[in-house]
Amino acid sequence: MINIKKLFVRAALLCLLIFALHSTFYSLTGIKAEQLVLGSAPGSHSILSRYLGLGNKTIKQFVPDALKAAPVTAEAKSSPVLEDQDWTKYPKATVTATGYTAGFESTGKTKGSPSFGITYSGVKVKRDLFSTVAADLNVFPLGTILFIPGYGYGVVADKGGAIKGKELDLFFNTVEDVYTHWGKKTLEVYIIERGKGRLSESRLKALNEDKNLQVFRQSYINKENQ
């Protein structure tokens, strides 16, 4: 009878000790024991390993597949940007670049005009990874591809009566986009390819759909939507 009482007292003390340890651990970490078992707490696998002396292989047995953290995908990471690439192998030029739209405020054309949104080259204005820009064609012929930091690739598709020398007009979809994301800047641009005096819709489409560059594309076509 005495032994039974001793066992009961020891069991009760052990329960109190476990409860005290649990309360202390929760107060220090904010993580409940059941979170550790289910693997729902950040870093729970490493915590279990440290406190229970279990290896990663053993830990996996406690965590149902449906509750395991999903692997980090490329989409979940921040999108790479072209500004991080090495552009030093390309010639550069210092230009003054101004944002513009296809609207009346920039071109004097209205949406009802047959030539609304049509550039001098004949292609439609476009804001994309490769966007249409206007330039002095004596400096940058039609079809010239430029890399413009903060804007992306610009393909010379248009000219303007007020554009002289090393000046560019960069296309944006709205006036708000022009003021929010650009305005007017003097900066260095990189000459990727000099144009041959022409540009077609198929050429512009092929540039924007180049498979090797799709990883960069979203960060530019979504910039105005952020």
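Presented here is an overview of the structure given in this document. (Residues numbered from 1 in each chain as written. Predicted model: local features only at pLDDT ≥ 70, side-chain atom pairs only at ≥ 80, totals over all residues. Heavy atoms only, no water.)

Along its length, the protein chain carries eight helices and six strands. The order of α-helices and β-strands along the protein chain, N terminus first, is α-α-α-α-β-α-β-β-β-β-α-β-α-α. Relative to its full complement of 226 residues, the protein chain shows a buried share of 33%. Put simply, of all contacts in the protein chain between residues at least 6 apart along the chain, 69% involve residues at least 24 apart. For the protein chain, the exposed surface amounts to about 14,400 Å²; the carbon and sulfur share of it is 58%. (Helix = DSSP H or I, 4+ residues; strand = E, 2+ residues; numbered from the N terminus. Buried < 20%, exposed > 50% of the residue type's maximum accessible area, 1.4 Å probe, protein only. Contact = heavy atoms within 4.5 Å. Areas by Shrake-Rupley, 256 points an atom, 1.4 Å probe, with all protein chains shown as cover.)

For the structure shown, the criterion picks out nine aromatic pairs. Consider the rings of Y151 and F172, whose centres lie 5.3 Å apart with planes at 65°: the pair is edge-to-face. Placement of Y151 in the loop between β3 (145-148) and β4 (152-158) and of F172 in the loop between β5 (167-171) and α6 (175-181) is noted, with a sequence separation of 21 residues between them. An aromatic cluster of at least three residues, connected via ring pairs, comprises W87, Y90, F130, F147, Y153 and Y190. Of note, R127 hangs over the ring of Y151, and the distance from its end group to the ring centre comes to 3.9 Å. It is K185 that lies over the ring of W182; its NZ or CZ is 4.1 Å from the centre. (Phe/Tyr/Trp six-rings, centres within 6.5 Å; stacked < 30°, edge-to-face > 60°. Lys NZ or Arg CZ within 6 Å of the ring centre and 35° of its normal.)

In the structure shown here, the tally under the stated rule is three salt bridges. For E188, the salt bridge goes to K92, with nearest N and O atoms at 3.4 Å. Residue E188 is located in strand β6 (residues 184-193), and its partner K92 is located in strand β1 (residues 92-100); the two are separated by 96 residues in the primary sequence. Residue E188 is classed as partly exposed on the basis of its relative accessible area of 36%. E193 is paired through a salt bridge with R203; the nearest N and O atoms lie 3.2 Å apart. In this pair, E193 is assigned in strand β6 and R203 in helix α7 (residues 201-208), connecting sequence segments 10 residues apart. Overall, E193 belongs to the partly exposed group, its relative accessible area being 36%. (Salt bridge = Lys/Arg side-chain N within 4 Å of Asp/Glu carboxyl O.)

To continue, consider the environment of T94. Mapped onto the elements, T94 comes out in strand β1. For T94, a relative accessible area of 44% translates into the label partly exposed. Expressed as a C-alpha distance, the spacing of T94 and L187, which sit 93 residues apart in the sequence, is 5.5 Å. Ignoring anything within four residues of it in the chain, the contact list for T94 reads K166, T186, L187 and E188.

To continue, consider the sheet that holds β6. Pairing between the strands of a sheet is mediated by backbone hydrogen bonds and can be parallel or antiparallel. Taking strand neighbours around the barrel as the criterion, the six strands line up as β1-β5-β2-β4-β3-β6 in a closed arrangement whose pairing is mixed. Within the sheet, the average angular offset between the axes of one strand and its neighbour, ignoring direction, is 45°. Docked against the sheet, α7 engages β2 (130-135), β3, β4 and β6, running at close to 130° with respect to β2. (Pairing = 2+ DSSP bridges. Axes fitted to C-alpha atoms, helices over the stretch in contact; angles between N-to-C directions.)

With that settled, the discussion passes to the pairing of β5. The pairing of β1 with β5 spans five bridges and is parallel. Its bridge partner lying in β5, G99 is registered against L170. Examined bridge by bridge, β2 and β5 share three bridges and lie antiparallel to one another. Each bridged residue has a counterpart across the sheet, and for V133 the counterpart in β5 is L170.

Of all hydrophobic cores here, the largest spans 22 residues; its most connected members are F140, I148, Y151, L168, L170 and W182. Of all the elements in the fold, those that place two or more residues in this core are β1, β2, β3, β5 and β6. No other element matches the four residues that β1 contributes to this core. If we skip the residues at most four places from it in the chain, L168 touches V95, T96, A97, T98, A134, A135, F140, L146, I148 and V189. Within the second largest apolar cluster, 17 residues are counted, among which are V123, F130, I145 and F147. (Core = buried A, V, L, I, M, F, W, Y, C linked by side-chain atoms within 4.5 Å.)

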